[in-house]
Amino acid sequence: MDPMSTPILNFAELGLSSPLLANLKKIGYQSPSPIQAKSIPYLLKGQDLVGQAQTGTGKTAAFALPLLSRLNFEQREPSILVLTPTRELAIQVAKAFQVYGSSLKKLKALPVYGGASMREQIQQLKKGVDIVVGTPGRLMDHLRRGTLQLDKIKALVLDEADEMLRMGFLEDVQWILDHTPNNRQTALFSATMPQAIRNIAQKHLKNPKEITIKKESLTSSQIKQSYCFAKRRK
Ligand code: AMP
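Just so it is clear, the model here is predicted, and its values are computed rather than measured.

Engineer: Teacher, can you tell me more about the site of the ligand here?
Structural biologist: Around the ligand, the structure places 14 residues, and the nearest of them are Tyr-29, Gln-36, Gly-56, Gly-58 and Thr-60. For the ligand, a nitrogen atom lies 2.9 Å from a polar atom in the backbone of Ser-31. Gln-36 is positioned such that a nitrogen or oxygen atom in its side chain is 2.7 Å from a nitrogen atom of the ligand.

Structure representation (structure tokens):
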């Protein structure tokens, strides 16, 4: 093994809370992926973070676990907001929060996206949710109608920021960012870092820690590879 490669600590060493650690054991995650090992300590401390990483690297747990560990969810008003480019990702991320946080009391993560019943979403929001994961257009709709309040948001995540840029959501994203409290923690994840994304990070994040995960470091390839020379059969 390359001695210079990131040492993979275990989840307990990263400082996650014990209910989450117990839950990870149940889920069957044995060790953190590189992006998790690198991001979790900073996000646990409440710092802002820019992570260059693709889907498949375990980036959802890299932000979900420390935020679930750090915040308390007693207020029944959204504490965490995640922006995603697509409804599929919104559903996937909300589900991940629900799974990772299943050891926490009655945690509710709601995906909010266009093309689905507004009425149902409003009903869910009225009942009280802890985490909202949504696409920019529908989130703006709720904010304009007053059916979603973001004044208690403690942490905000921009997931697949370059996809949001590519899909023309950048102005909407900035508008939403401007409607969240200034003292929030912010994490931005993107597979690529075009200038427009760097500008967002510069304007909306506070002294963010920068982390880059190479394509090779996918969770699926956390398999140790080695080889040995064998003598040719005579
Ligand atoms: P993501 O990049 O967040 O879409 O995650 C990719 C896949 O890796 C998902 O199916 C996760 O459930 C899985 N995963 C994330 N972190 C770990 C881990 N530490 N150990 C095993 N599987 C993981």
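There is more to say, and it comes next.
Engineer: Please clarify how the side chain of Ser-79 should be interpreted in this entry.
Structural biologist: Inspection of the secondary structure assignment puts Ser-79 in the loop between helix H3 (59-70) and strand S2 (80-83). Beyond its immediate sequence surroundings of up to four residues, Ser-79 is in contact with Leu-71, Asn-72, Phe-73, Asp-130, Lys-152, Ile-153, Lys-154 and Ala-155.

Engineer: So what exactly am I meant to see when it comes to the packing of helix H2 (residues 34-44) against H3 here?
Structural biologist: What describes two packed helices is the angle between their axes and the distance between those same axes. Axis separation between H2 and H3 bottoms out at 9 Å; the angle between their running directions is 30 degrees. Taken together, H2 and H3 sit at an angle that is classed as roughly parallel. Considering only the axes of H2 and H3, their crossing is right-handed. Of H3, the residues touching H2 (which contributes Ile-35, Gln-36, Ser-39, Ile-40, Leu-43 and Leu-44) are Lys-59, Ala-61, Ala-62, Phe-63, Leu-65, Pro-66, Ser-69 and Arg-70. Its residues placed into classes, the contact of H2 with H3 shows 9 nonpolar, 3 polar and 2 charged.

Engineer: Explain the packing of aromatic side chains here, please?
Structural biologist: Between two aromatic rings, the relevant description is the distance of the centres plus the angle of the planes. Tallied over the entire structure, the rule returns 3 aromatic pairs. A centroid spacing of 6.1 Å and a plane angle of 45 degrees characterise the contact between Phe-63 and Phe-97, whose relative ring orientation is tilted. With Phe-63 in helix H3 and Phe-97 in helix H4 (residues 87-100), this residue pair connects regions lying 34 residues apart in the sequence. Owing to a relative accessible area of 0%, Phe-63 belongs among the buried residues under this scheme. Taking the relative accessible area as the measure of exposure, Phe-97 reaches 0% and is therefore buried. The interplanar angle of 40 degrees and the centroid separation of 5.5 Å between the aromatic rings of Phe-63 and Phe-189 together place this pair among those described as tilted. Here Phe-189 lies in strand S6 (residues 185-190) and Phe-63 lies in helix H3, a separation of 126 residues in the sequence.

Engineer: Honestly, the pairing of S6 in this entry has me stumped. Any pointers?
Structural biologist: Along a regular strand, successive side chains alternate from one face of the sheet to the other. Judged by how many residues are buried, S6 sits mostly within the fold: 6 of 6 residues are covered. Here strand S5 (residues 155-158) pairs with S6 via 4 bridges, running parallel. Residue pairing in the sheet places Leu-156 in a bridge with Thr-186 of S6.

Engineer: Help me out: how do you make sense of the pattern of salt bridges in this one?
Structural biologist: Here the idea is simple: oppositely charged side chains can pair when their charged atoms come close. A full pass over the atoms with the stated rule returns 6 salt bridges. The residue Asp-159 makes a salt bridge to Lys-59 at a minimum N-O spacing of 2.8 Å. With a gap of 100 residues between them, Asp-159 in the loop between S5 and helix H7 (161-166) and Lys-59 in helix H3 connect regions that are remote in the sequence. Lys-59 matches Asp-159 in its accessibility class, with the two residues each being buried. Measuring nitrogen to oxygen at the nearest pair gives 2.9 Å for the salt bridge that ties Glu-163 to Arg-166. With Glu-163 and Arg-166 both in helix H7, this residue pair falls 3 residues apart, about one helical turn. The class of Glu-163 is partly exposed, set by a relative accessible area of 24%. Through salt bridges that share partners, Lys-59, Asp-159 and Glu-160 make up one connected network.

Engineer: Would you mind going over the sheet that holds strand S3 (residues 109-112) with me for this structure?
Structural biologist: Hydrogen bonds between backbone groups are what pair the strands of a sheet, and the pairing can be parallel or antiparallel. The parallel open sheet is built from 7 strands, whose spatial order is S3-S4-S2-S5-S6-S1-S7. Here the strands that pair on one side only, and so sit at the sheet edges, are S3 and strand S7 (209-212). Going from strand to strand, the sheet's axes swing by 15 degrees on average, the running direction of each strand aside. Pairing between S2 and S5: 4 bridges, direction parallel.

About the cut-offs
Residues numbered from 1 in each chain as written. Predicted model: local features only at pLDDT ≥ 70, side-chain atom pairs only at ≥ 80, totals over all residues. Heavy atoms only, no water. Near = heavy atom within 4 Å. Polar contact = N/O pair within 3.5 Å; in protein donor to acceptor, adjacent residues only side chain to side chain. Helix = DSSP H or I, 4+ residues; strand = E, 2+ residues; numbered from the N terminus. Contact = heavy atoms within 4.5 Å. Axes fitted to C-alpha atoms, helices over the stretch in contact; angles between N-to-C directions. Parallel < 35°, antiparallel > 145°, perpendicular 65-115°, else oblique. Left-handed = near helix turned anticlockwise from the far one by under 90°. Nonpolar A, V, L, I, M, F, W, Y, C, P; charged D, E, K, R; others polar. Phe/Tyr/Trp six-rings, centres within 6.5 Å; stacked < 30°, edge-to-face > 60°. Buried < 20%, exposed > 50% of the residue type's maximum accessible area, 1.4 Å probe, protein only. Pairing = 2+ DSSP bridges. Salt bridge = Lys/Arg side-chain N within 4 Å of Asp/Glu carboxyl O.

These results come straight from atomic positions and should not be treated as a statement about function.
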